[in-house]
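Chain and residue survey
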Amino acid sequence: MAVETRTSAFQTAQRRFDAAADVIGLSDDARAGLREVKRELTVHFPVRMDGGSVHVFTGWRVQHNISRGPAKGGIRYHPNVDLDLVKAMAMLMTWKCAAVGLPYGGAKGAVACDPSKLSLGELEHLTRRYATEISILIGPEKDIPAPDMGTNPQIMAWIMDTVSMHSGHSVTASVTGKPVDVGGSEGRNEAPGRGATYLTLEALKYLHVEEETPTVAIQGVGQVGRSAARLLTEAGLRVVAVSDSRGAVYNAKGLDLAALEEHRQVRGGVSGFKKAENLSNEELLELPVTVLVPAAVQDQITGENAGRIRARLITEGANAAVAPEADPILHDRGVFVIPDIIANAGGVIVSYFEWVQDLQAFFWEEEEINTKLHHVITRAFYEILHTSVNKRIDMRLAAYALAVQRVANATTVRGIYP
Ligand code: NAD
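Calculation notes
Residues numbered from 1 in each chain as written. Predicted model: local features only at pLDDT ≥ 70, side-chain atom pairs only at ≥ 80, totals over all residues. Heavy atoms only, no water. Helix = DSSP H or I, 4+ residues; strand = E, 2+ residues; numbered from the N terminus. Contact = heavy atoms within 4.5 Å. Domains from an automatic or database assignment. Buried area = accessible area lost by both parts, 1.4 Å probe. Salt bridge = Lys/Arg side-chain N within 4 Å of Asp/Glu carboxyl O. Core = buried A, V, L, I, M, F, W, Y, C linked by side-chain atoms within 4.5 Å. Buried < 20%, exposed > 50% of the residue type's maximum accessible area, 1.4 Å probe, protein only. Expected span 1.5 Å × (residues − 1). Pairing = 2+ DSSP bridges. Axes fitted to C-alpha atoms, helices over the stretch in contact; angles between N-to-C directions.

1. Quick word on the environment of Leu34
Along the chain, the position of Leu34 falls in helix H2 (residues 28–34). Sequence separation between Leu34 and Ile301 is 267 residues; the distance between their C-alpha atoms is 28 Å. When neighbours within four sequence positions are excluded, Leu34 is seen to be in contact with Phe17, Leu26, His64, Asn65, Met91, Trp95, Val407, Ala408 and Thr411.

Laid out in structure tokens, this is it:
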């Protein structure tokens, strides 16, 4: 009988690591430590629901590596999460932080739940109990959570308050992505879209794109896609198509983003916008645009459609929007990809600024934050680009190679305890 062997998310993460380890010639001893996660905590905890019944939820917090500093990574609330996925995402955070030069290791957390089906009170109880369960791992010097899919600034405020109640004083640096009122940072909400915008502009320069008004298609108008659309337009590009989970809209002359946002608020989606034609998400991906920004979900550009992508540049706003089989096809066709590991790193970079501001209790103006974000993310882009050109590898492998080398250096110089 044939046995189905599906590659798990963590196995895919390990394969990406192995490819980078091959590029830098990492020793077997060094590989062995970095291929596994350092700590994995599974928690089962009860929450009293509004109707009086008790529901037991399952959650996780995983730290992949802490050689370069405290662990950093988001918390996801989603029905389809498991330990394997959390381990994969924790490993990605280690490489993401190292790729952009932040003094952090990588972590991730999750609770298997559908937040849209919980009342506000249930969500708060779940969050406070989960934060208590993982409190043996988290803290400002140890492991600093942040929002991810299904979580938001309010949830971060509850986690910060729970940690603070246990400590007897306010510990604002215990999480990032908080509301500004409780130690959050200016510019944090827009940071992933802003970082993606800065890198798109650098890549267009590098590629010598000489069109007067480069065109852009953006899949997903959530936190990342919406700010990227606004900031790319401000930078002089023309956004011709955007989408949400229900469909896309297209206008070759450029979309009126303010009118579209009004339409979206009223209708609950972009489809049916009067000043544009409706398309499917699949059609949006294959439009003849200069820049394609997938900013929705994973596995959108695959081995199947990579041959039909007509964009010159892909800025991978969403994590893993480009599937592993698509990378070589895009590379061979000369489509330049700014990989997720740096394309959306603006989020974790400004989270780092938030943590620094909380620790020193001194807060910066938004302009200063944006300037610092620009410096950190463009420096990382050119370091990765040089590695890519020198070693003749694509940008993703180059980013991984640089990141793995940095973590391996830290691990080696620290040595093995005892
Ligand atoms: P979001 O929930 O705010 O927005 C997601 C958007 O994608 C929505 O417009 C939704 O309608 C659309 N969408 C959902 N499923 C779709 C589908 N199948 N096809 C087309 N569109 C679909 O999410 P976000 O915070 O903007 O995150 C988007 C991606 O960026 C995720 O991969 C996330 O992990 C990544 N990311 C987010 C941040 C952040 O700080 N928000 C940071 C780094 C990475």
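Having put the structure on the table, let's press on.
2. What about the domain arrangement of the protein?
Buried accessible area, meaning the area lost when the parts come together, often serves as the stated size of an interface. Assigned domains within the protein: domain 1 (36–182) and domain 2 (185–418). Measuring from the centre of the C-alpha atoms in domain 1 to the corresponding centre in domain 2 gives 25 Å. The junction of domain 1 with domain 2 conceals about 2,500 Å² of combined surface from both sides, 66% of it contributed by carbon and sulfur atoms. Summed over the shared surface of domain 1 and domain 2, the number is two salt bridges. A salt bridge links Glu354 to Lys178; its shortest N-O distance comes to 2.7 Å.

3. As for the nonpolar core
Grouped together as the largest cluster of nonpolar side chains are 84 residues, with contacts concentrated most on Trp95, Ile218, Val242, Phe336, Ile338, Ile349 and Phe381. A per-element tally of this core places helix H3 (residues 83–99) first, with 10 residues. Viewed by domain, this core spans two of them, domain 1 (36–182) and domain 2 (185–418), each represented by three or more residues. Apart from the residues within four sequence positions on either side, Phe381 is in contact with Leu199, Glu202, Ala203, Phe336, Ile338, Ile342 and Met395. Leu41, Ala131, Ile134 and Val175 belong to the second-largest nonpolar core, a separate cluster that totals 26 residues.

4. A word on the pattern of salt bridges
Going through the model one piece at a time under the given rule, you end up with 25 salt bridges. The salt bridge involving Arg128 is made with Asp161; its shortest N-O contact spans 2.9 Å. With a gap of 33 residues between them, Arg128 in helix H4 (residues 120–133) and Asp161 in helix H5 (residues 153–167) connect regions that are remote in the sequence. Using a relative accessible area of 28% as the deciding quantity, one classes Asp161 as partly exposed. Among the ionic pairs, Glu202 bridges to Lys205, the shortest N-O distance being 3.2 Å. Of this pair, Glu202 and Lys205 are both found in helix H6 (residues 191–206), three residues apart, which corresponds to roughly one turn of the helix. Accessibility expressed as a relative area gives 9% for Glu202, which makes it buried.

5. Remarks on the environment of Ala157
Looking at the secondary structure, you find Ala157 in helix H5. Owing to a relative accessible area of 14%, Ala157 belongs among the buried residues under this scheme. When near neighbours in sequence (up to four residues on either side) are disregarded, Ala157 contacts Pro179 and Val182.

6. Describing helix H7 (residues 223–234)
For H7, built from 12 residues, the straight-helix expectation of 16 Å at 1.5 Å per residue is met to within 8% by its first-to-last C-alpha distance of 17 Å. Taken as a whole, H7 has its buried residues at Val224, Gly225, Ser227, Ala228, Ala229, Leu231 and Leu232.

7. Comments concerning the sheet that holds strand E1 (residues 39–48)
Spatial strand order, E1-E2-E4-E3-E5: five strands in an open sheet with mixed pairing. In this open sheet, the two strands that pair with only one neighbour each are E1 and strand E5 (143–147). On average, each strand axis in the sheet is tilted by 20° relative to the strand beside it, whichever way the strands run. The sheet contact formed by strand E3 (residues 71–78) and E5 spans five bridges and is parallel. Bridge pairing in E5 links Lys72 to Ile144. Along the sheet, H3 contacts E1, strand E2 (54–65), E3 and strand E4 (105–112); its crossing angle with E4, the most-contacted strand, is approximately 150°.

8. A few points about the sheet that holds strand E7 (residues 238–244)
Reading across from one edge, E9-E8-E7-E6-E10-E11-E12 is the order of the seven strands in this open sheet, with mixed pairing throughout. Looking at the sheet topology across the chains shown, the edges are occupied by strand E9 (277–279) and strand E12 (336–338). Neighbour-to-neighbour, the strand axes of this sheet turn through a mean angle of 20°, independent of strand direction. As paired elements, strand E6 (residues 215–219) and E7 share five bridges and run parallel to each other. Following the sheet pairing, Ile218 is matched in E7 by Val242. Against the sheet, H7 contacts E6, E7 and strand E10 (291–294), and its axis sits at roughly 170° relative to E6.

9. Observations concerning the pairing of E10
Neither face of E10 is left uncovered, since the one carrying Val291 and Val293 and the one carrying Leu292 and Pro294 both have all their residues buried. Of the strand pairs in this sheet, E6 and E10 are connected by four bridges, and their pairing is parallel. Paired with Gln219 across the two strands is Pro294, which belongs to E10. The pairing of E10 with strand E11 (residues 313–315) spans two bridges and is parallel. By the bridge assignment, Leu292 is partnered in E11 with Ile314.

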